[in-house]
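A closer look at the structure
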Protein chains: 2
Amino acid sequence: MDTSSPLRKRMAAYVRDLQDRICGAIETLDGTARFREDRWERPGGGGGLARVITDGGVFEKGGVNTSEVHGELPAKLAERMGVERAEFFATGVSLVLHPASPRIPTVHANFRYFEQSNGDAWFGGGADLTPYIADEADGTHFHRTLKNAGDPFGAELYPKFKKWCDEYFFIKHRGESRGVGGVFYDYLRGTPEEMERHFAFQQSMGNAFIPAYIPIAERHRDERFSDREKKFQLLRRGRYVEFNLVYDRGTTFGLETQGRTESILMSLPPVVNFDYDAPMETTDSEKLLTSWLRQPREWA
Amino acid sequence: MDTSSPLRKRMAAYVRDLQDRICGAIETLDGTARFREDRWERPGGGGGLARVITDGGVFEKGGVNTSEVHGELPAKLAERMGVERAEFFATGVSLVLHPASPRIPTVHANFRYFEQSNGDAWFGGGADLTPYIADEADGTHFHRTLKNAGDPFGAELYPKFKKWCDEYFFIKHRGESRGVGGVFYDYLRGTPEEMERHFAFQQSMGNAFIPAYIPIAERHRDERFSDREKKFQLLRRGRYVEFNLVYDRGTTFGLETQGRTESILMSLPPVVNFDYDAPMETTDSEKLLTSWLRQPREWA
């Protein structure tokens, strides 16, 4: 690794490479659909590359988006972040995958880097899983893979970032989490030496996405599912929408600060049901899953 | 009308009566489904009666809810309303109807009364239409009926409340309105004599709902529709969800202040599509409708 190049350049290159690798793995798994690309430019500076997969053999809708933007920090964003109005640079990869089958969990991940013109800079990111069946092995595999990727950088990191994830992806008005969690971290900043270490951690987490998720999707891809399992997925996707539009900071700030609407809302599931007072614990699997959502548990 | 009885009692009685009349008209129109009732109590005081219709001949999902609640004003609500922490009383009827056919518009209406223990009290409400086809006669009929109901109370009211509606139901990140509008009003307060007049206005608007909407639904109920019209409806329902969860104060404050989640989210459409970068102007009707959403027009 060429550490003489600025961190922002190396992170931007990492992000593009990770996007390529993840899209490759997803296409291989999917078997039929290919990502289509949308390259966009940001009026204030920079742009991005949206990659979207639709109506595939496995994935009903998915996006793996990268962006590398710079310019004047939107006033609202500066205010919410508690920073001065300044020039900024940001790059990251953000993905959400919605499988057609309710036997395969939805997954979300995000690995980002932010820099201000005053020199302050930080990493943030995370990955979390939203299953529609109660499969303990899936949750354990996902969490253990992330834990193993983080442990070399300090055994305290996984528990801390796992807890942060549980707190972040909480749908307050439902009294339940969006899914079974994963990790969430932000504001990883420090001295140049510490930033190098954070960047190594960031890459370790980013690299863990494929081994954390793909084996779970593979394991369930050929399983049959019942009508009720499908219906339950459509209803739980409703909760996913509720979280993203009501609570998710990336979404709400993105919309407020005139981000690219299509990229921001790429995360929403393709088909969703909102029923009045829908029963959500009709089977043992639904009951067990709901208990996990109501009370976060230890997975790794 | 017995004006010796307190306004709150008379408004609560009006609200219950209007709920009965609207549900009766909806059931008659629907032809097959009946409303089911959910009576609920609010831990802090009062309660409500949710009436929900599902999978009917005309209506895929609809709710006509009343509530009559009192107690200590939630701190967050007091703050947002700029009022002191105090005891409050509130009653109102709120309805959203989602027809299965894209030829029939979705409709929302709300007529409410709020009172604080310091004596301050006001009426609020409105009705607005969300069509999926560009039918000029529908928009004109809806707006004219509301205008005719308001005009006896002052010719300035309809234009003012029509504009308020256009401003309120605006999806900022889409640069378009949720629908073709109607009227929206709030904080109708004043002397006891003025409050009597506001109450008469409120009843006139409430009574106008049935003649404003039912003839539109009747006119289109037996029309055939294309697959594309249905798809367009599912996509536009996505915008409806975006508005309600991101911008609607009733929804966001309701969720924040621990209102009854199922009643608050009753407004969400039953089946929704969120496609990435979906084409929304593929037909002349879609183009015309979109132009109305981008630039509010005069209807009455």
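On a predicted model such as this, the values are computed, not experimentally measured, just so you know. (Residues numbered from 1 in each chain as written. Chains lettered and ligands numbered in written order. Predicted model: local features only at pLDDT ≥ 70, side-chain atom pairs only at ≥ 80, totals over all residues.)

1. Thoughts on the overall build of chain A
Along chain A, the regular secondary structure elements total 9 helices and 10 strands. Against the 2.2 N^0.38 benchmark of 19 Å for 300 residues, chain A shows a C-alpha radius of gyration of 19 Å, consistent with a compact globule. Each principal axis of the C-alpha atoms in chain A carries an extent, and together these give about 55 × 40 × 40 Å. By the burial criterion, 46% of the 300 residues in chain A qualify as buried. Across chain A, every contact between residues at least 6 apart in sequence was considered, and the portion connecting residues at least 24 apart equals 68%. (Helix = DSSP H or I, 4+ residues; strand = E, 2+ residues; numbered from the N terminus. Rg over C-alpha atoms; globule rule 2.2 N^0.38 Å. Buried ≥ 20, exposed ≤ 12 C-beta atoms within 10 Å, placed from the backbone. Contact = placed C-beta atoms within 7 Å.)

2. What about the sheet that holds strand β6 (residues 121-130) of chain B?
Residues and elements named next belong to chain B. The 7 strands lie next to each other as β1-β2-β3-β4-β5-β6-β9, forming an open sheet whose pairing is antiparallel. Two strands in the sheet have a free side with no partner beyond their single neighbour: β1 (36-41) and β9 (181-188). Averaged over all adjacent pairs, the angle separating strand axes in this sheet is 5°, with direction ignored. With 9 bridges connecting them, strand β2 (residues 46-54) and strand β3 (residues 59-72) associate as antiparallel partners. Along β3, the bridge assignment pairs V52 with G63. (Pairing = 2+ DSSP bridges. Axes fitted to C-alpha atoms, helices over the stretch in contact; angles between N-to-C directions.)

3. Quick look at the relation of the copies chain B and chain A
A rotation about an axis combined with a shift along that same axis relates the two copies of the chain. Laying chain B over chain A is done by rotating through 180° and shifting 0.0 Å along the axis; what remains is an RMSD of 0.0 Å. Overall, the copies show the geometry of a two-fold rotation axis. When C-alpha distances to the rotation axis are compared across chain B, the minimum falls at V272(B), with a value of 2.6 Å. Counting the interface residues of chain B, we find that 96% of their copies in chain A are interface residues as well, pointing to one common contact surface. (Least-squares fit on C-alpha atoms with pLDDT ≥ 70 in both.)

4. A short note on the environment of G82(A)
On the secondary structure map, G82(A) appears in the loop between α2 (75-81) and β4 (87-99). Between the C-alpha atom of G82(A) and that of F123(A), which follows or precedes it by 41 residues, the distance is 16 Å.

5. Some thoughts on the pairing of strand β6 (residues 121-130) of chain A
Remember that side chains alternate between the two faces of the sheet whenever the strand is regular. All names here are of chain A. Of all 10 residues that make up β6, 8 are buried, and the element is covered over most of its length. Between strand β5 (residues 106-116) and β6, which pair antiparallel one after the other, the connecting turn spans 4 residues, and G119 there sits at a positive phi close to 100°. Where β6 meets strand β9 (residues 181-188), 6 bridges bridge the pair, whose relative direction is antiparallel. Paired with G126 across the two strands is F184, which belongs to β9.

6. Some thoughts on the interface of chain B and chain A
Facing the 27 residues of chain B at the interface are 26 residues of chain A. Element by element, the count of residues in the side of chain B that touches chain A is highest for helix α6 (residues 227-246) of chain B, at 4 residues. When grouped by side-chain class, the residues that make up the side of chain B that touches chain A number 14 nonpolar, 6 polar and 7 charged. One ladder, built from 3 bridges, connects strand β10 (residues 271-273) of chain A with strand β10 (residues 271-273) of chain B; its direction is antiparallel. (Nonpolar A, V, L, I, M, F, W, Y, C, P; charged D, E, K, R; others polar.)

7. As for the confidence of the model for chain A
The predicted model of chain A averages 95 in pLDDT, with 99% of residues at 70 or higher. This complex was scored by the predictor with a pTM of 0.95 and an ipTM of 0.94. (pLDDT = per-residue confidence, 0-100.)

8. Comments concerning helix α9 (residues 284-294) of chain B
Residues and elements named next belong to chain B. Inspection of α9 places E286, L289 and L293 among the buried residues, and these make up the whole buried set. Buried residues in α9, looked at end-on, bunch into an arc of 70°, giving them a common side. The outward face of α9, more than 90 degrees from its buried face, is lined by the exposed residues D284, K287 and R294. Looking at the buried residues of α9, the elements they touch are β8 (176-177) and α6. (Arc of directions from axis to C-beta.)

9. Re the sheet that holds β6(A)
Residues and elements named next belong to chain A. Spatially, the 7 strands line up as an open sheet ordered β1-β2-β3-β4-β5-β6-β9, and their pairing is antiparallel. Where the open sheet ends on each side, the last strands, each with one partner, are β1 (36-41) and β9. Mean inter-strand twist for the sheet, computed between neighbouring axes without regard to direction, equals 5°.

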